[in-house]
Amino acid sequence: MKKILLIATGGTIASKPTGSGLAPQITSEEIISCVPELASLCQVSTLQLCNLDSTNLNCDHWLAMARCIEDNYRDYDGFVITHGTDTMAYSAAALSYLVQNSRKPIVLTGSQKSIYVRDTDARRNLYDAFLYACDEQAHNVHLVFDGKVILGTRARKTRTKSFNAFSSIDYPEIAVVRGGKLVYFVPDTAAYPRYPLFYHALDPKVFVLKLIPGIDPSILTYLKDHYDAVILESFGVGGVPSYNGDSAFTDAIRDWIDSGKTVVITTQVPHEGSDMGVYEVGHSIKNDYGVLENYDMPLEAVVTKIMWILGQTKDPELVRYIFYTPVQKDIIAT
Ligand code: ASP
């Protein structure tokens, strides 16, 4: 029987009502005791890494999750991480960069309702996550939720309340759980090394700026003193404004690039990504200034990939090279 380690971090799945709203209080042991059917799938051990609403997780927690997997890698066949849904897509993406080429599956799951609620989705999601973690064809980092298996670099929370809370962005779901069995749509046929590549550094100084019509470019100058990278969520296929022919916005971007910092243009449109060469408002800034663009990479992956890259190097040419090098299918349509 396979040995799977449950790493509990909190979230709604572990929450109980308090006088001031739901808060994580249920332990990893209690969570497992709610799904006795797991005993027929595998041997489960549990570890309580933290017990937090995922709103309160940051880069340090992602590093701690990766370190916990590294410390226990030889002793288990797979890992299930229970996690709040609000930032689960960021954690899944971060782990996809921090633990690469893992033969053993690393599966994130959670729920929209506490595991103690009568009509909860927690028990099903947990069972499905373990089902996937025990499967021979499962590798690397994935998120399992509402019967879907989604690549760690492609997940996004797209519903705040419904059980089908997560979507796979611009990439098919890897598999679904149907009638208690896994049905694969994208089988993984890669050969894996015995041991994955673990990374231990992230640069948290990454800012996401969502453009709105009429935005004041001086915000970019302020941000430059506080951050190493800025990700501009621009409009459509990607571009930056010049109001009445004014070059203040592009000047501010040039200033960022000239100081060796990273600028990435993404889009606020949920699907199909950027293509900056299409319009004049994107073309020159891409070609003349050396900004990066996300193409089809989801924002959660862009943010954590830049944090991971800047954790290893600040050399702009290397940053560019690594950014456009696919990791776990995070970027395809360049
Ligand atoms: N606020 C919760 C969290 O992210 C929401 C959830 O888990 O569904 O921890």
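Here the structure is shown first, and the text comes after it.
Calculation notes
Numbers given for residues are sequential positions, taken from 1 along each chain in its written order. Where totals are concerned, whole chains, interfaces and linings use all residues; where local detail is concerned, this predicted model gives features only for residues with pLDDT of at least 70, and gives and counts side-chain atom pairs only at 80 or more. Excluded from the side-chain calculations are hydrogens and water; all other atoms, namely the structure's heavy atoms, are used. Only runs of H or I of at least four residues qualify as helices and only runs of E of at least two qualify as strands under DSSP, and these elements are numbered from the N terminus. Computation of the radius of gyration draws on C-alpha atoms, with the globule rule given as 2.2 Å multiplied by the number of residues to the power 0.38. Each accessible area is a Shrake-Rupley estimate made with a 1.4 Å probe; only the visible protein chains count as cover when residues are assessed. The charge count treats Lys and Arg as positive and Asp and Glu as negative. His and the chain ends do not count. For this purpose, a charge sits on NZ of Lys, CZ of Arg, CG of Asp or CD of Glu. Accessible area is worked out with a 1.4 Å probe on protein chains only. A residue is then buried under 20% of its type maximum, exposed over 50%, and partly exposed in between. Should DSSP find at least two bridges between two strands, the strands are regarded as paired. When the strands point away from the viewer and the path from the first strand over the helix to the second turns clockwise, the crossover is right-handed. Axis angles are defined between N-to-C directions and span 0 to 180 degrees, where every axis is a line fitted to C-alpha atoms and, for a helix, only to the segment in contact. Working definition: roughly parallel below 35 degrees, roughly antiparallel above 145 degrees, roughly perpendicular at 65 to 115 degrees, and oblique for all remaining angles. In this scheme the crossing of two helices becomes right-handed for a clockwise turn of the near helix relative to the far one and left-handed for an anticlockwise turn of less than a right angle. Note on contacts: a residue pair is in contact if any heavy atoms of the two residues lie within 4.5 Å. Residues belong to a common nonpolar core when they are buried Ala, Val, Leu, Ile, Met, Phe, Trp, Tyr or Cys residues joined through side-chain atoms within 4.5 Å. Here, proximity means that at least one heavy atom of the residue falls within 4 Å of the molecule or strand. For this analysis, a polar contact is any N or O atom pair within 3.5 Å, provided that within protein one partner can donate a hydrogen and the other can accept it, and provided that sequence-adjacent residues contribute only side-chain to side-chain pairs. Residue polarity is assigned by list, with Asp, Glu, Lys and Arg as charged and Ala, Val, Leu, Ile, Met, Phe, Trp, Tyr, Cys and Pro as nonpolar; anything else, Gly included, falls into the polar class.

**A short note on the overall build of the protein**
When you go through the protein residue by residue, the secondary structure sums to nine helices and 18 strands. In terms of overall dimensions, the protein is globule-like: its C-alpha atoms have a radius of gyration of 21 Å, near the 20 Å expected for 334 residues. A principal-axis box enclosing the C-alpha atoms of the protein has dimensions of 65 × 50 × 35 Å. By element, 51% of the accessible surface of the protein is carried by carbon and sulfur atoms, the whole surface being about 14400 Å². Computed over 30 positive and 38 negative side-chain charges, the inter-centroid distance for the protein is 7 Å.

**A few points about the pairing of strand S7 (residues 106-109)**
Side chains Ile 106 and Leu 108 project from S7 onto one buried face, and the interleaved Val 107 and Thr 109 project onto a second face that is buried too. Pairing of strand S5 (residues 78-82) with S7 involves four bridges; the strand directions are parallel. When the sheet's bridge partners are listed, Thr 82 is paired in S7 with Thr 109. Sheet topology note: the S7/strand S8 (residues 141-145) ladder contains three bridges and is parallel. Residue pairing across strands places Leu 108 opposite Leu 143, the latter belonging to S8. The parallel pair S7 and S8 is bridged by helix H4 (residues 122-133), and the resulting crossover is left-handed.

**Considering the packing of helix H3 (residues 88-98) against helix H8 (residues 299-312)**
The contact between H3 and H8 brings their axes to 8 Å, and the two run at 40°. The angle between H3 and H8 places the two elements in the oblique class. In the crossing of H3 with H8, the sense of the turn from one axis to the other is right-handed. Facing H3, whose interface residues are Ala 89, Tyr 90, Ala 93, Ala 94 and Tyr 97, H8 presents Leu 299, Glu 300, Ala 301, Val 303, Thr 304, Lys 305 and Trp 308.

**Regarding the nonpolar core**
In terms of nonpolar packing, the biggest core is built from 54 residues, with Ile 69 and Ile 306 touching the most fellow members. A per-element tally of this core places H8 first, with nine residues. With sequence-adjacent residues up to four places away left out, Ile 306 is seen in contact with Val 206, Ala 229, Thr 262, Val 264, Leu 292 and Phe 323. The next biggest cluster of nonpolar side chains, apart from the first, holds 33 residues, and it includes Leu 38, Ile 115, Ala 175 and Tyr 184.

**Description of the site of the ligand**
Around the ligand sit Gly 11, Thr 12, Asp 53, Ser 54, Gly 84, Thr 85, Asp 86, Ser 111 and Gln 112, and those are all the residues in its vicinity. Asp 86 is positioned with one of its side-chain polar atoms (N or O) 2.8 Å from a nitrogen atom of the ligand. If the ligand stood free it would expose 260 Å²; the protein chains cover 90% of that surface. The residue inventory of the shell around the ligand, partitioned by class, reads no nonpolar, seven polar and two charged.

**Describing the environment of Ile 231**
Tracing the sequence through the fold places Ile 231 in strand S16 (residues 229-234). In this structure Ile 231 comes out as buried when scored by relative accessible area, which is 0%. Distance in space between the C-alpha atoms of Ile 231 and Gly 11 is 27 Å, their sequence separation being 220 residues. When residues no more than four places from it in sequence are discounted, the contact partners of Ile 231 are Val 206, Phe 207, Val 208, Leu 209, Val 264, Thr 266, Leu 299, Val 302 and Val 303.

Bear in mind that shape data such as this cannot, by itself, settle questions of function.
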